[in-house]
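# Secondary and tertiary structure notes
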Number of protein chains: 2
Amino acid sequence: MSERKQRSDADAVVHSGGGEGGDAVISDQRLLRGARSRRTIVRHAVDVASLEGLGGLSLGRLATDLGISKSGVQTLFGTKENLQAAAVEVARDVFNDAVVHPARTAPRGAARVRVLIERWVEYAEVPLFPGGCFWAANLADFDSRPGRVRDALFQCQRDWRALLAAELRHAADAGEIAELDVELAAFQIDAVLIAANTALRMSDEEAYGVVDKVRRVVEGFLVPPH
Amino acid sequence: MSERKQRSDADAVVHSGGGEGGDAVISDQRLLRGARSRRTIVRHAVDVASLEGLGGLSLGRLATDLGISKSGVQTLFGTKENLQAAAVEVARDVFNDAVVHPARTAPRGAARVRVLIERWVEYAEVPLFPGGCFWAANLADFDSRPGRVRDALFQCQRDWRALLAAELRHAADAGEIAELDVELAAFQIDAVLIAANTALRMSDEEAYGVVDKVRRVVEGFLVPPH
């Protein structure tokens, strides 16, 4: 879905950001599309942001990195905030494609929780983003900066916790696992994943055993009722 | 202890960073001490870093913020890395004074764990640093940047987890609480604290109930043996 969605978002940004000379904007955009799509620019923005934080992004830096004109990037995104918001959206799509969607083939409940966690571990160990988890790198950075970038970042975290909570709820209702406070459990699992991601970015010594810790914490919530 | 420690560190930095013109360096330093101490500069650096990350620090910016000459700041710290390392050290002292040292009056074991957590909650709710927890703001930021700043940051985290683990171990050995994997428990508690700190920086809606979550997680590890 994301390719089509991205395109209509690109149009929205151009139209709202443009103002004068609509035709010039559109032909600029076509030129850029020919060489490197907006998606490529945003994907690179996501990589930079996973390493240095969304704060480290700038329209000029991306233009330099990718060998395109700054005015072209400016035409597409208008402001740094638009670029940051677009990066959050693409990061979310990449995360969903890697972690959330594959788990849909697993039966709901405990089995799906396990698949989600294994996919997450893979995502953190062989990262899709060079700096590891995009959210771990940016949530703490943006928590003191109100605005739509922060809102978008936290919406992703809320969605992820809600997904874990829903599957735990399903497992408990089906009698697969002992009754538990699913909100609290999802909060704890998410916290442990973020801590594990940090450890995985560090030395081998620091990372040693951390995936095992994650699995043990999750299994602690998946014990059958007695 | 920290005041004396800071001073000898300042000297060490000046001596290693200086090189030529030792007398000029010392008189520069005396001038600066008269107006604003190194501690004031570093304390401001810690505040900036808690909000914008250690990456947001620069010698020039601190000089401007505090109305002192950039060359004076340069004389004291030499490099941005020295300044960042000094900021980590002061942040650790502030944290220890606020959270770790007061808990020493509590009996070892479960009681001390509870005091540590309550002091930590206070530290995160009415933050000593304007951006909230200094480590939450910087660990994720520095995890992909090897070097002595990262090492110093992670040493603080290791010390904190080791302290929690030691008190849990004490509680279990004394039969106060049920046997548990204290390393895993300390890892989980630390992860939940960092997640709570992030929530506390956000809207009231996001922060609602998060301190209660922290307490419930901790109490979950402090159940008496059956």
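Residues numbered from 1 in each chain as written. Chains lettered and ligands numbered in written order. Predicted model: local features only at pLDDT ≥ 70, side-chain atom pairs only at ≥ 80, totals over all residues. Heavy atoms only, no water.

For the rest of this paragraph, the subject is the overall build of chain A. Within chain A, the secondary structure is distributed over 12 helices and 0 strands. In sequence order, chain A lays out its α and β elements as α-α-α-α-α-α-α-α-α-α-α-α. For chain A, the share of sequence-separated contacts (at least 6 apart) that also reach a separation of at least 24 residues comes to 68%. Carbon and sulfur atoms provide 52% of the accessible area of chain A, an area that totals close to 10,000 Å². (Helix = DSSP H or I, 4+ residues; strand = E, 2+ residues; numbered from the N terminus. Contact = heavy atoms within 4.5 Å. Areas by Shrake-Rupley, 256 points an atom, 1.4 Å probe, with all protein chains shown as cover.)

Okay, the interface of chain A and chain B next. Listed by partner, the interface residues are 34 residues for chain A and 34 residues for chain B. With both sides pooled, the region where chain A packs onto chain B buries about 3,000 Å², and carbon together with sulfur makes up 60% of that total. Across the contact surface, chain A and chain B share 2 salt bridges. Residue D181(A) pairs with R216(B) through a salt bridge whose shortest N-O separation is 2.5 Å. The interface formed by chain A and chain B includes 2 residue pairs in polar contact (both at pLDDT 80 or more). At the level of secondary structure, the elements contributing two or more residues to the side of chain A that touches chain B comprise helix 3 (38-52), helix 8 (134-142), helix 9 (148-173), helix 10 (182-201) and helix 12 (210-221) of chain A. It is helix 10 of chain A that provides the largest number of residues to the side of chain A that touches chain B, a total of 11 residues. (Buried area = accessible area lost by both parts, 1.4 Å probe. Salt bridge = Lys/Arg side-chain N within 4 Å of Asp/Glu carboxyl O. Polar contact = N/O pair within 3.5 Å; in protein donor to acceptor, adjacent residues only side chain to side chain.)

A word on the relation of the copies chain A and chain B. Of the transformation superimposing chain A on chain B, the axial component is 0.0 Å and the angular component is 180 degrees, with the fit at an RMSD of 0.0 Å. Within this description, the copies of the chain are treated as partners about a two-fold rotation axis. Scanning chain A for the C-alpha nearest the rotation axis identifies A191(A), at a separation of 2.6 Å. Comparing interface residues between copies, 100% of those in chain A also sit at the interface in chain B, which points to an isologous, same-surface contact. (Least-squares fit on C-alpha atoms with pLDDT ≥ 70 in both.)

A separate point is the environment of E183(B). Positionally, E183(B) belongs in helix 10 (residues 182-201). C-alpha separation for the pair E183(B) and A162(B), spaced 21 residues apart in sequence, amounts to 7.8 Å.

Residue and element names in this part refer to chain A. Contact geometry for helix 3 and helix 4 (residues 59-66): axes closest at 10 Å, N-to-C directions at 110 degrees. By the criterion of interaxial angle, the relationship of helix 3 to helix 4 is roughly perpendicular. Where helix 3 crosses over helix 4, the handedness of that crossing is right-handed. Contact with helix 3, carried on its side by T40, I41, H44, A45, V48 and E52, involves R61, L62, D65 and L66 of helix 4 and no other residues of that element. (Axes fitted to C-alpha atoms, helices over the stretch in contact; angles between N-to-C directions. Parallel < 35°, antiparallel > 145°, perpendicular 65-115°, else oblique. Left-handed = near helix turned anticlockwise from the far one by under 90°.)

Looking now at the packing of helix 4 of chain A against helix 5 (residues 70-77) of chain A. Residue and element names in this part refer to chain A. Two numbers describe how helix 4 lies on helix 5: the axes approach to 8 Å, and their chain directions differ by 125 degrees. Judged by the inter-axis angle, helix 4 sits oblique to helix 5. Here the hand of the crossing between helix 4 and helix 5 comes out right-handed. Residue-level inspection shows L59, G60 and A63 of helix 4 in contact with helix 5, the latter providing K70, V73, Q74 and F77.

Attention now goes to the packing of aromatic side chains. In total, this model carries 6 aromatic pairs over all chains according to the counting rule given. Taken together, F95(A), W120(A), Y123(A) and W160(A) form an aromatic cluster joined through their ring pairs. A cation sits over an aromatic face here: K213(A) above F187(B), 5.3 Å from the ring centre. (Phe/Tyr/Trp six-rings, centres within 6.5 Å; stacked < 30°, edge-to-face > 60°. Lys NZ or Arg CZ within 6 Å of the ring centre and 35° of its normal.)

Residue and element names in this part refer to chain B. Over its 20 residues, helix 10 runs 29 Å from end to end, which matches the ideal 28 Å to within 8%, given 1.5 Å per residue. Judged by how many residues are buried, helix 10 sits mostly within the fold: 18 of 20 residues are covered. Here helix 10 starts with a cap whose side-chain oxygen sits 3.1 Å from the backbone nitrogen of E183, and that cap is D181. (Expected span 1.5 Å × (residues − 1). Buried < 20%, exposed > 50% of the residue type's maximum accessible area, 1.4 Å probe, protein only.)

Residue and element names in this part refer to chain B. Taken as a whole and assessed by the stated rule, the structure comprises 26 salt bridges over all chains. Notably, a salt bridge pairs D93 with R92, separated by 3.3 Å at the nearest N-O pair. Owing to a relative accessible area of 26%, R92 belongs among the partly exposed residues under this scheme. A salt bridge links R215 to E118; the nearest nitrogen and oxygen atoms lie 2.9 Å apart. Taken together, the residues span a long stretch of sequence, with R215 in helix 12 (residues 210-221) and E118 in helix 7 (residues 110-125) at a distance of 97 residues. On the basis of relative accessible area, R215 is assigned to the partly exposed category, the value being 37%.

Residue and element names in this part refer to chain B. Tracing the sequence through the fold places A45 in helix 3 (residues 38-52). The exposure class assigned to A45 is buried, which follows from its relative accessible area of 0%. It is 6.7 Å that separates the C-alpha atoms of A45 and L57, two residues lying 12 residues apart in sequence. Contacts of A45, omitting those with residues within four sequence positions, involve L57, L62, L83 and A87.

Purely geometric stuff here, so don't read any function into it on its own.
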